[in-house]
Amino acid sequence: MKKMKYVLMMLPLLILAACGGDDDTFQIGIIQVMEHPALEAAQAGFIAAFEYYGIEAEFDIQNALGDRTILPTIADRFVNNNVDLVLAVATPSVQTMFGATDSIPIVGSAITSYEAAGVVNSNAAPGTNVTGASDMNPIELQIEMLFEFVPHLQTLGIAYTSSETNAVYQAELATAHARSLGLTVVTSSITAIAEVQQNILSLASRVDAIWLPTDNTHADAMPIVGQVAIETGVPVFPGENQMVMGGGIATLSIDYFELGFQSGRMAREILINGANPAEMPIVFGKDLSLEYIVNGFMVQEMGMVIPARFADYVWFPED
């Protein structure tokens, strides 16, 4: 399994935490809702695009560390500093930034549905100051993959965070496709991370496997989810590779570094070539590249068998 390339590419980058600089240097605000490897990869890919294209920029990186009440303060900071462009990482970030300005260009990344988030008129023609790259994963392929790991699969559990627009949207798509495949679907939602353990325990008692969308709450709680999976013997299949590494079994996921790099390309078009975000269609990560990952440790702990075609995608935690 290849190592996470974004870590290596971050090393040569100079990231400044304050605005200021000469007229040839763009001032870029980055607003991120929480710390998570996938979101960090998207941010790193975005910055790497500026390095790759030789664009001089200073990045004011602000992370709410999971406290959404801080997001409006970050948004006001960028508006008051009149930055040239904002990268909004994850749905809550782009919603907050969109509510704070209709003039500063906003490029999103790691956002599932810009339409469902209410920040664009449509994916094809945003019509606002927002554009970006979507981390909508290949949900249909993910659900179909489950049959290879769980041949007896008849009942699928889907857990999601009801307060996250992206999670609700993904859960609806997954439910519809699973039912079209003849599966019985049991859905269950939470509102806070404190509810994750009991909710997964309850769901595991009623299903053969569990699928999770790429919502921020479950992503943060994957060690808890993984422990429940081991205790109950019910495998969990998240929608994103970092969540698999945190305690899931397997997935087919987009590359978040590449997603962020694409957002960087879009920022370049706006800053250098004068493109209008309102006229820039949303780009989907699943159309860029996809990669499998299988958590070898979790497979062993649960006594499962890795299907032969996934043998080259097995990942083990480092000692």
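Anyway, here's the lowdown on the structure attached to this text. Bear in mind the structure is a predicted one, so any value in this text is a computation, not a measurement.

## Observations concerning the overall build of the protein
In step 1: Assigned secondary structure in the protein consists of 13 helices and 13 strands.
In step 2: For the C-alpha atoms alone, the extent of the protein along its principal axes is close to 60 × 35 × 35 Å.
In step 3: Per-residue burial over the protein gives 55% buried out of 319 residues.
In step 4: As displayed, the protein offers around 13100 Å² of accessible surface, 50% of which is attributable to carbon and sulfur atoms.
In step 5: Here the protein contributes 11 positively and 36 negatively charged side chains, and the mean placements of these two sets differ by 6 Å.

## Things to note about the environment of Met298
In step 1: With respect to the helices and strands, Met298 occurs in helix α13 (residues 296-301).
In step 2: Taking the C-alpha atoms as reference points, Met298 and Ser103, 195 residues apart in sequence, are found 47 Å from one another.
In step 3: Those residues in contact with Met298 that lie beyond four places of it in its chain are Gly226, Ala229, Ile230, Gly247, Gly248 and Ile249.

## A few points about the packing of helix α3 (residues 71-80) against helix α4 (residues 91-100)
In step 1: In contact at an axis separation of 9 Å, α3 and α4 are set at 50° when each is read in the N-to-C sense. The angle between α3 and α4 places the two elements in the oblique class. Crossing hand, α3 versus α4: right-handed. Contacts from Leu71, Pro72, Ala75, Phe78 and Val79 in α3 reach Pro92, Ser93, Thr96, Met97 and Ala100 in α4.
In step 2: For the contact of α3 with α4, the residue count by class is eight nonpolar, two polar and no charged.

## What about the environment of Ile106?
In step 1: Along the chain, Ile106 falls in strand β4 (residues 106-111).
In step 2: Accessibility expressed as a relative area gives 0% for Ile106, which makes it buried.
In step 3: On a C-alpha basis, the gap between Ile106 and Gly29 in space is 9.4 Å, while along the polypeptide they are 77 residues apart.
In step 4: For Ile106, the contacting residues outside a window of four places in its chain are Val86, Ala88, Val94, Met97, Phe98, Thr101, Asn129, Val130 and Thr131.

## A closer look at unusual backbone geometry
In step 1: In this structure, Asn82 is a non-glycine residue whose phi angle is positive, near 50°.
In step 2: Here Asn82 is to be found in the loop between α3 and β3 (85-89).
In step 3: You will see that Ala110, though not glycine, has its phi angle at about 60°, which is positive.
In step 4: Relative to the helices and strands, Ala110 resides in strand β4.

The rules behind the values
- Each chain carries its own residue numbering, running from 1 in the written order of its sequence.
- Where totals are concerned, whole chains, interfaces and linings use all residues; where local detail is concerned, this predicted model gives features only for residues with pLDDT of at least 70, and gives and counts side-chain atom pairs only at 80 or more.
- For side-chain calculations, the full set of non-hydrogen atoms in the structure is used, while hydrogens and water are omitted.
- Note on conventions: DSSP H or I runs of at least 4 residues are helices, E runs of at least 2 residues are strands, and numbering of each starts at the N terminus.
- Between buried and exposed lies partly exposed: a residue is buried under 20% and exposed over 50% of the maximum accessible area for its type, with that area taken using a 1.4 Å probe on protein chains only.
- Computed by Shrake-Rupley with a 1.4 Å probe, the accessible areas treat only the displayed protein chains as cover when residues are assessed.
- Counted as positive: Lys and Arg. Counted as negative: Asp and Glu. His and the chain ends are not counted at all.
- Here the site of a charge means NZ on Lys, CZ on Arg, CG on Asp, or CD on Glu.
- Contacts were defined at the residue level, with two residues in contact if any of their heavy atoms lie within 4.5 Å.
- With axes taken as lines fitted to C-alpha atoms, and helix axes fitted only over the stretch in contact, angles between N-to-C directions fall between 0 and 180 degrees.
- In these notes the angle categories are as follows: under 35 degrees is roughly parallel, over 145 is roughly antiparallel, 65 to 115 is roughly perpendicular, and the rest is oblique.
- In this scheme the crossing of two helices becomes right-handed for a clockwise turn of the near helix relative to the far one and left-handed for an anticlockwise turn of less than a right angle.
- We call Asp, Glu, Lys and Arg charged. Ala, Val, Leu, Ile, Met, Phe, Trp, Tyr, Cys and Pro are nonpolar, and the rest, Gly among them, are polar.

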